[in-house]
Amino acid sequence: MPRYAARPGHGALGRSRRAAAPAPRVDGVSDIIKVSVIGASGRMGSTVCDAVDAAEGLELVGRFDVGDELGDLAGADVVVEFSVPDASPANVAHCVAQGVHVVVGTTGWTEPRLQTLRNQVAAAPEGTGVLIAPNFAIGAILMMTFAEQAARFYESVEVIELHHPRKVDAPSGTAARTADLIGAARSETGLGDVPDATEHDPDGARGARVHGVPVHSVRLRGLVAHQEVLFGAEGEQLTIRHDSFDRVSFMPGVVEGVRRVAEHPGVTVGLEHYLGL
Ligand SMILES: NC(=O)c1ccc[n+]([C@@H]2O[C@H](COP(=O)([O-])OP(=O)(O)OC[C@H]3O[C@@H](n4cnc5c(N)ncnc54)[C@H](O)[C@@H]3O)[C@@H](O)[C@H]2O)c1
Ligand SMILES: O=C(O)C1=N[C@H](C(=O)O)CCC1
């Protein structure tokens, strides 16, 4: 059994306020979820620590960053992982081996990495859950869902992601996921390549191709996390845009992931699967 098994009654997305700690249940089992954060000194990790501190029914028990011994994860029921793409798989594997649920926001989870993780979870204590979420902001999740819906109706599509210049990976995890969803929807509908007469592009001005979808990455001082999905057909354009102006936009989703992860054994990609979308 994982250390924390799902119990009904935890709050829905958005209910994350400091309140008196819930009283222990009559059977003597506390409803409080103990949470450790890996990458706790980073931009996201430190914001998550504040959010966990402020959330009803959650208790922050451990903060880990680069060089720290993860050990027993400070006795956490759930670990939140926001580090760097090359470190995340080993951190998550350490948690899973101990039957500790993990909520992962770090990017870079390619299909081969996900397959390795699925094998690790299959060998872990039964019921262990891992949530890999490329983006925890509700608007970003809706943007991806809407883009997937729109994809089959438009011949042309391009994704433009715009982020702060300290971001180390490109394209963003959100853009890669969006392109995957759009690409799969296009394939199912029988849409071929996006129309594009470009023959000469020595400097890569047409962007990367992810699942056949052109993706453009902008890094600009002052930005946090933004994305536009442009759809085009004869005589019309649909633009779906989301903006995160502050990292607090990700926190209701992270807290919801922590509350729900024990109800979802195995590996889940995308918070939308916890939200009924
Ligand atoms: N899913 C989402 O909603 C979401 C939102 C924002 C950022 N992100 C992703 O989260 C990740 C972190 O972003 P950030 O802006 O907080 O970066 P950051 O550079 O501010 O923080 C990363 C932290 O991880 C630490 N770290 C590095 N190696 C480590 C290791 N081996 N073990 C433990 N900690 C280690 C660093 O010291 C640093 O404190 C990125 O992959 C980013 O794309 C995801
Ligand atoms: O700031 C970042 O880094 C972000 N990373 C995620 C991504 O790559 O999609 C989510 C948005 C912010």
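In the annotation of an unreviewed UniProt entry, the protein is listed under the name 4-hydroxy-tetrahydrodipicolinate reductase and assigned to Arsenicicoccus cauae. Quoted verbatim from the Pathway (unreviewed entry) field of UniProt, the annotation for the protein is "Amino-acid biosynthesis; L-lysine biosynthesis via DAP pathway; (S)-tetrahydrodipicolinate from L-aspartate: step 4/4." The protein has a UniProt comment under Sequence similarities (unreviewed entry) that states "Belongs to the DapB family."

Asks: Talk me through the packing of helix 2 (residues 88-97) against helix 3 (residues 111-122); I want residue IDs and the actual numbers.
Replies: Interaxial distance between helix 2 and helix 3 falls to 10 Å at its minimum, and their mutual angle equals 15°. It follows from the interaxial angle that helix 2 and helix 3 lie roughly parallel. Relative to helix 3, helix 2 is oriented so that their crossing is right-handed. Residues Pro89, Val92, Ala93 and Val96 of helix 2 touch helix 3, and the partners they reach there are Arg113, Thr116, Leu117, Gln120 and Val121. A breakdown of the residues in the contact of helix 2 with helix 3 according to their chemical character gives 6 nonpolar, 2 polar and 1 charged.

Asks: I'd like a description of the domain arrangement of the protein, backed by residues and values.
Replies: Where the parts come together, the accessible area they lose is often given as the size of the interface. Parsing the protein into structural domains produces domain 1 (33-132 + 248-274) and domain 2 (138-245). Averaged C-alpha coordinates put domain 1 and domain 2 at centres separated by 27 Å. In this complex, domain 1 contributes 10 residues to the contact, which on the side of domain 2 involves 8 residues. In the side of domain 1 that touches domain 2, the residues fall into 5 nonpolar, 4 polar and 1 charged.

Asks: Describe the nonpolar core, with residues and values.
Replies: Formed by 63 residues in total, the largest nonpolar core has its most connected members in Val35, Val130, Val254 and Val258. It is helix 4 (residues 138-150) that provides the largest number of residues to this core, a total of 6 residues. The contact partners of Val130, leaving out residues within four places of it in the chain, are Val92, Val96, Val102, Val104, Leu117, Val121 and Val267.

Asks: Got a sec to walk through the sheet that holds strand 4 (residues 101-104)? Specific residues and values, please.
Replies: On the basis of which strands lie adjacent, the open sheet formed by 6 strands has the order 2-1-3-4-5-11 and parallel pairing. Both edges of this open sheet fall to strand 2 (58-64) and strand 11 (266-269), since each of them pairs with a single strand only. The average undirected angle you get between the axes of adjacent strands in this sheet is 20°. When strand 3 (residues 78-81) meets strand 4, the two strands line up parallel, connected through 4 bridges. By the bridge assignment for strand 4, Val78 is matched with His101. Each of strand 5 (129-132) and strand 11 touches helix 3; the most contacted strand, strand 11, lies at about 150° to it.

Asks: Describe in detail the site of ligand 1, supporting the description with residues and values.
Replies: Inspection of the region around ligand 1 gives 25 residues, with Gly39, Gly42, Met44, Ala87 and Gly105 positioned closest. Looking at the shell around ligand 1, the element that brings in the most residues is helix 1 (residues 43-54), giving 3 residues. Here the residues of the shell around ligand 1 sort into 12 nonpolar, 11 polar and 2 charged.

Asks: Hey, could you go over unusual backbone geometry for me, with residue numbers and the actual values?
Replies: Cis geometry is found at the peptide bond from Ala170 to Pro171, where omega equals -5°. Relative to the helices and strands, Pro171 is located in the loop between strand 6 (156-163) and helix 5 (173-189). Backbone geometry at Leu73 places phi at a positive 60°, although glycine is not the residue there. For His211, which is not glycine, the phi dihedral falls at a positive 50°. Relative to the elements of secondary structure, His211 occurs in the loop between strand 7 (208-210) and strand 8 (213-219).

Asks: Which residues make up the sheet that holds strand 9 (residues 225-233), and what values do they have?
Replies: Strand order across the open sheet formed by 5 strands is 7-8-6-9-10, with mixed pairing between neighbours. Looking at the sheet topology across the chains shown, the edges are occupied by strand 7 and strand 10 (236-244). Ignoring which end each strand starts from, the neighbouring axes of this sheet average 25° apart. Bridge count for strand 6 against strand 9 is 8 bridges, and the pairing is antiparallel. Each bridged residue has a counterpart across the sheet, and for His163 the counterpart in strand 9 is Ala225.

Procedures and definitions
- Residues numbered from 1 in each chain as written.
- Chains lettered and ligands numbered in written order.
- Predicted model: local features only at pLDDT ≥ 70, side-chain atom pairs only at ≥ 80, totals over all residues.
- UniProt positions renumbered as here; feature names shortened; annotations may be inferred.
- Axes fitted to C-alpha atoms, helices over the stretch in contact; angles between N-to-C directions.
- Helix = DSSP H or I, 4+ residues; strand = E, 2+ residues; numbered from the N terminus.
- Parallel < 35°, antiparallel > 145°, perpendicular 65-115°, else oblique.
- Left-handed = near helix turned anticlockwise from the far one by under 90°.
- Contact = placed C-beta atoms within 7 Å.
- Nonpolar A, V, L, I, M, F, W, Y, C, P; charged D, E, K, R; others polar.
- Domains from an automatic or database assignment.
- Core = buried A, V, L, I, M, F, W, Y, C linked by C-beta atoms within 7 Å.
- Buried ≥ 20, exposed ≤ 12 C-beta atoms within 10 Å, placed from the backbone.
- Pairing = 2+ DSSP bridges.
- Near = placed C-beta within 6 Å.

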